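Architecture at a glance
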Amino acid sequence: MIRDITFGQYYPGKSLLHRMDPRMKLVLTFALIVFMFVCKSFASLAVIVLLTVIAVALSGVPLKVIFKSIKPILIILIFTALLNIFYTHGTVQNGDALWISFLNGKIEIWDKGVYTAVFTMVRIVALVVISSLLTYTTTPTMLTDALERLLSPLKIFHIKVHTLAMMMTLALRFIPTLIEEIERIMNAQKARGADLETGGIVERAKALVPIFIPLMVSSFRRAYELALAMTCRCYTGGEGRTRMKQMKMKGRDLVCLFVCLAFAAGIIVLNYFAKHETFSIFGMLFFKQVI
């Protein structure tokens with residue numbers, strides 16, 4: 001399970017997304033996340049899903065790596081879906097509630113709850129995939145430079161932009177390292193006879209205490225070693241420093257920008273015109289047949 005957490009890792013490649021300007025990737029990723037929450041219907045959400053599929057195809061990242069980024073959130077997806085199904089009442093179109101008999105009582109499942117559950121799950125999956133593609137196709141160094149360039153206007157407020165960008169990138173950089181450290185500590189505790197996989201929630205939580213304490217000590221030690229290494233190399237921040245690789249916008253970046261703008265316009269139009277009645281009719285018929 002620990003190895004399945006791939007967020008923050010870089011996947012080497014020479015695809016179109018790998019060669020894009022990191023500043024453009026950051027801007028487009030943030031814009032796509034915003035438009036995911038702007039979507040109000042399945043028609044507009046389908047546009048985001050289509051754009052996500054195209055981005056995955058252009059990234060060159062294997063599907064098994066993409067699925068690994070989704071696997072850790074399966075519990076969240078299931079929990080969110082169940083909450084929406086059983087606690088969202090109402091119907092998208094006038095009609096009876098879908099229901100399931102349970103023992104002597106009745107659990108009501110409304111088509112609006114099913115609609116909201118599916119809609120939320122698709123949105124979360126698209127959000128995770130788009131966010132993961134940013135780190136899969138961009139090195140931590142390029143992310144630092146891109147963040148610093150994009151946040152450079154904040155310097156007029158005397159904000160240390162380079163320090164802020166460096167902190168964010170180091171946090172992403174050490175996610176894989178901390179995952180490996182957790183796995184190493186868990187294996188060491190299991191070798192000493194620790195039981196981390198059986199018992200109730202309270203027992204498992206108590207069993208994790210011997211893992212968190214060594215992890216905290218190791219994290220502080222790594223942070224101190226990193227600070228000492230940067231000090232020994234006379235690192236002073238972004239003032240007066242030059243970069244080995246200069247970032248330049250190219251034609252492919254503008255093409256991707258115009259494509260995303262076209263998809264964004266499609267989402268706005270579909271939000272205005274799309275209605276939920278189609279889903280309601282087919283959804284109600286399907287679930288009533290199943291139940």
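Bear in mind that the values here come from a model prediction, so they are computed numbers and not experimental data. (Residues numbered from 1 in each chain as written. Predicted model: local features only at pLDDT ≥ 70, side-chain atom pairs only at ≥ 80, totals over all residues. Heavy atoms only, no water.)

1. Here we look at the packing of aromatic side chains
Two numbers describe a pair of aromatic rings. These are the distance of the centres and the angle of the planes. With the rule as written, the count across this model stands at three aromatic pairs. Taken together, a centroid distance of 5.0 Å and an interplanar angle of 90 degrees make the contact between Phe42 and Tyr115 edge-to-face. A residue pair is termed long-range when its members are at least 10 positions apart, and Phe42 in helix H3 (residues 42-59) and Tyr115 in helix H6 (residues 111-136) qualify at 73 residues. According to the relative accessible area criterion, Tyr115 is buried, its value standing at 7%. Seen from their ring centres, Phe42 and Phe119 are 5.4 Å apart, and the 80 degrees between their planes marks the pair as edge-to-face. A residue pair is termed long-range when its members are at least 10 positions apart, and Phe42 in helix H3 and Phe119 in helix H6 qualify at 77 residues. Taking relative accessible area as the criterion, Phe42 reaches 25% and is therefore assigned partly exposed. In textbook terms, an aromatic cluster arises when at least three aromatic residues are bridged by ring pairs, as seen for Phe42, Tyr115 and Phe119. (Phe/Tyr/Trp six-rings, centres within 6.5 Å; stacked < 30°, edge-to-face > 60°. Helix = DSSP H or I, 4+ residues; strand = E, 2+ residues; numbered from the N terminus. Buried < 20%, exposed > 50% of the residue type's maximum accessible area, 1.4 Å probe, protein only.)

2. Some details on the pattern of salt bridges
For the structure shown, the criterion picks out four salt bridges. Residue Glu181 is joined to Arg222 by a salt bridge in which the shortest nitrogen-to-oxygen separation is 3.1 Å. Of this pair, Glu181 sits in helix H8 (residues 161-191) while Arg222 sits in helix H10 (residues 209-232); the two residues are 41 residues apart in sequence, bridging distant segments of the chain. Its relative accessible area of 28% is what places Arg222 among the partly exposed residues. Across the salt bridge formed by Arg221 and Glu225, the nearest N and O atoms sit 4.0 Å from each other. Linking Arg221 with Glu225, this pair stays in helix H10, spanning four residues, or about one helical turn. (Salt bridge = Lys/Arg side-chain N within 4 Å of Asp/Glu carboxyl O.)

3. Some words on the state of the cysteines
If you walk through the whole model with that rule in mind, you get zero disulfides. Looking at the unpaired Cys260, the closest cysteine sulfur is the one in Cys256, lying at 6.6 Å. (Disulfide = S-S within 2.5 Å.)

4. Overview of the packing of helix H4 (residues 63-70) against H6
One way to put it is that H4 packs onto H6 with a least axis distance of 9 Å and a crossing angle of 120 degrees. One element, H4, and the other, H6, form an angle in the oblique class. With respect to the hand of their crossing, H4 and H6 are arranged in right-handed fashion. Along its contact with H4, which presents Val65, Ile66, Ser69 and Ile70, the element H6 presents Val125, Val128, Val129, Ser132, Leu133 and Tyr136. Classifying every residue of the contact of H4 with H6 by side-chain character gives eight nonpolar, two polar and no charged. (Axes fitted to C-alpha atoms, helices over the stretch in contact; angles between N-to-C directions. Parallel < 35°, antiparallel > 145°, perpendicular 65-115°, else oblique. Left-handed = near helix turned anticlockwise from the far one by under 90°. Contact = heavy atoms within 4.5 Å. Nonpolar A, V, L, I, M, F, W, Y, C, P; charged D, E, K, R; others polar.)

5. Thoughts on the nonpolar core
Residues Ile48, Ile66 and Leu133 are the most contacted members of the largest nonpolar core, which totals 31 residues. Listing elements by their share of this core, those giving two or more residues are helix H2 (22-38), H3, H4, H6 and helix H11 (251-273). The dominant element in this core, judged by the number of residues it contributes, is H6, at eight residues. Apart from residues lying up to four places away in sequence, Ile66 is in contact with Val56, Val61, Val129, Leu133 and Tyr136. (Core = buried A, V, L, I, M, F, W, Y, C linked by side-chain atoms within 4.5 Å.)

6. Details of the confidence of the model for the protein chain
Confidence in the prediction of the protein chain, expressed as mean pLDDT, is 78, and 80% of residues score 70 or more. No element of the protein chain has a lower mean pLDDT than helix H12 (residues 277-290), which averages 45, and none a higher one than H2, which averages 90. For residues 276-291, every residue scores under 50 in pLDDT, and the model assigns this stretch 25 contacts once sequence neighbours within four places are set aside. (pLDDT = per-residue confidence, 0-100.)

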